[in-house]
Amino acid sequence: MMYQTMALPLSTVKGVGPALEKRLHQRDIRTLGDLLLHLPKDYIDDRQLSPIAQLCDGVSARIQGRILTKEARGYGKKRQVIILLADDSGRIRLNFFHSGYMMSDARLSEGREIAVRGVAERWQGQWQMTHPEWCVSEAFQPGYQPVYRALAGLSGKRIATLIRQALTLLPVAASSPLDAVLAATASPLRQALRELHQPHDLDSEALNRAAVRLKCEELILYLQLMREKKRQADCPAVSLQAETSSRLMHQSLPFELTDAQASAWSDISTDLNSGKRMHRLLQGDVGAGKTWVAALAMIKAAGCGYQAALLAPTEVLAKQHAETLQALFAPLGFTIKLLTGSTRAKERRELLAELGSGELKLIVGTHALLSEDVVFNHLALALVDEQHRFGVRQRWGLADKKRDGHQAVHLLGMTATPIPRTLALALYGDMDLSIMRGMPPGRKPVETRVIASDKMKSLIAGMQRILDAEGRIYWIVPRIDEDEDGLSVDQRVELLKRYFPDANVLGLHGRMKSGDKNGALEAFTTGVCKMLVSTTVVEVGVNVPEARLIVIEEAESYGLAQLHQLRGRVGRSSEQGYCMLIAGDAASEGSRTRLNQMVNTHDGLELAEADLALRGSGDAVGTRQHGDAGFRLLNMAEDATLIRYWFENLPDFDPGEEMQRFWRPFAESTD
Ligand code: ADP
Ligand code: MG
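Residues numbered from 1 in each chain as written. Chains lettered and ligands numbered in written order. Predicted model: local features only at pLDDT ≥ 70, side-chain atom pairs only at ≥ 80, totals over all residues. Heavy atoms only, no water.

**What about the site of ligand 1?**
In the vicinity of ligand 1, 17 residues are found, and the nearest of them are E256, G287, K290, T291 and R443. Within the contact set of ligand 1, a nitrogen atom lies 2.8 Å away from a side-chain nitrogen or oxygen of Q261. A distance of 3.4 Å separates an oxygen atom of ligand 1 from a polar backbone atom of A288. Protein burial of ligand 1: of its 560 Å² of free accessible surface, 82% is covered by the chains. Broken down by element, the shell around ligand 1 gets its largest block of residues, 3 residues, from helix 10 (residues 290–303). Its residues assigned to classes, the shell around ligand 1 shows 6 nonpolar, 6 polar and 5 charged. (Near = heavy atom within 4 Å. Polar contact = N/O pair within 3.5 Å; in protein donor to acceptor, adjacent residues only side chain to side chain. Areas by Shrake-Rupley, 256 points an atom, 1.4 Å probe, with all protein chains shown as cover. Helix = DSSP H or I, 4+ residues; strand = E, 2+ residues; numbered from the N terminus. Nonpolar A, V, L, I, M, F, W, Y, C, P; charged D, E, K, R; others polar.)

In structure tokens form, the structure reads like this:
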């Protein structure tokens, strides 16, 4: 079976030792299958050799020739090595700086044939390439070469070698449980994976089909799990009839509920009183005030003598909720406590005892709440914030924690991911939907601009003005790892420190130790740090009202809904907020048009729908390999048609344990 092989540890791949395995683990690559899901970001057409005489200035090409001379300039390891290469049509000079070791490489002796790929440049009337890739001619295989993103400190080339190895480990007969189901329309999973990593053809049709085949694994499994859960949902729930406490709560709120909040609360309290299990999704734009609606529900549960638990996707967010809610609940005489992966053992023991006895009524925490030894006395309400960050199972994990003999737990999910109406049924068909539109009074729309990456100078000046006015700045980069493009967290921190030595620039990403993460966020919240360079971890709910500007690099690589979430980190006070979207050099005309939607539209749902309309068949495979809404590959905007289709035509099949475990991001999320 395919998924048995996919579950093999990384150490089965040739070239992966314990140290490397550990590094890859930290990037959530644990199995052979995880590695195979690291899809190429691009492909190079390496089918044809170019004669040297036909090179074009500034264009990358593959050439093959004989080494005429090899010489070194300078001394020691830092020597520059210059190779003169010739084919029948002409000559080219190859420069390798700091590459003294090449002098003793026999494969590069004079007279040997090598194949070289690099960008050709015309310099002083001669052709030259600097640091081209090379191999001996016999080793060169014409075809399409996948290009991978660097990962966990490994270059794209190392990754390519590992993936090539991994592919050889898939037995020819390995099949997915879905191969038979999809046999009429699509190729087997194994073949689709090969096609994506080692394409026969760069025809985008073939690549698209392979990508779709891969996505079907995640999608059909998801839909099936969801349907199964829906079937289990119909059992009577505890009824929460007492009104006094929530009236109290209304009085203690620091402001009037907006109309949208009031209407959502009315849906929810009707559910809670109905005696049937609530299973509702509260969708509201970033900053719409979902937390307060959730707080009302929690107070109502506690006021009736029951317990309520709030699940948050990250420690940072859980901690923030604990603080805000405690301030709100304390005057009412209720206590809320925090449980996360870093809660100390002793404190955790006490906390679990209080939950078990029912002494503690309200708790907020991360996935640590789902742990089996967390047992409630009489849980009546489970809330899941940013529920798209959790898997189907986890979403239900809390609500399934009822004690034998007790009735079913109410479940309230919350999300700021705007789900276009047409998709809501397919993706969350197992839930009722309350939509909150509009914002609390007094907010100004965030002023948004799309800028080119060469406009750094004026951007830096603008940033200085924000800092001078006591504002704080988020700077979002697309990845944690260093890549040739310099867009990693550390690389940006270094650069920005040089421009803003007094801002105490700090970095934040999901793979940092939780203490460091909290430390960085704390420093930014309190203003010790004025500029936070981060990956999209800040996308989730973080609230720092003094943040006035968010800069997003390589903005075209995100969906509009996600950009909108990120933009929601600023403009959280009455001060004007700004959002600068930097379009990468490689951004296509189409993706620039897409980004321009952000300038004029400030409504999340409208943006999600625009994304849906603008994309569909748009971007090339591999440019966006991460899904959203908690999916590993699926993307709401790109795959809308696919999602709707399989929702209507869901086949019956048995996924088996391994397949379910493999697609863990929607079966289990980790902070
Ligand atoms: P989200 O929906 O993104 O979770 P929050 O619940 O964090 O939004 O609320 C965002 C901000 O709006 C908070 O600072 C909160 O205090 C404020 N807020 C919420 N509801 C109201 C209201 N009815 N009037 C004024 N401010 C509000
Ligand atoms: Mg929130």
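**Some remarks on helix 6 (residues 189–197)**
Burial analysis of helix 6 places 7 of its 9 residues in the buried class, which makes it a mostly covered element. Of all the residues in helix 6, the buried ones are L189, R190, A192, L193, E195, L196 and H197. (Buried < 20%, exposed > 50% of the residue type's maximum accessible area, 1.4 Å probe, protein only.)

**A word on the sheet that holds strand 4 (residues 91–96)**
Pairing in this open sheet of 7 strands is mixed, and the strands run 6-7-4-3-2-5-8 from one edge to the other. Two strands close off the open sheet at either side, each with one partner strand: strand 6 (121–123) and strand 8 (133–136). Put simply, the sheet's adjacent strands are angled 40 degrees from each other on average, direction ignored. Note: strand 6 against strand 7 (residues 126–130), 3 bridges, orientation antiparallel. Paired with W123 across the bridge in strand 7 is Q126. (Pairing = 2+ DSSP bridges. Axes fitted to C-alpha atoms, helices over the stretch in contact; angles between N-to-C directions.)

**Looking at the side chain of R594**
Positionally, R594 belongs in helix 19 (residues 589–600). Judged by its relative accessible area of 3%, R594 is buried. Reaching out from R594, the side chain makes a polar contact with the backbone oxygen of E556 at a distance of 2.9 Å.

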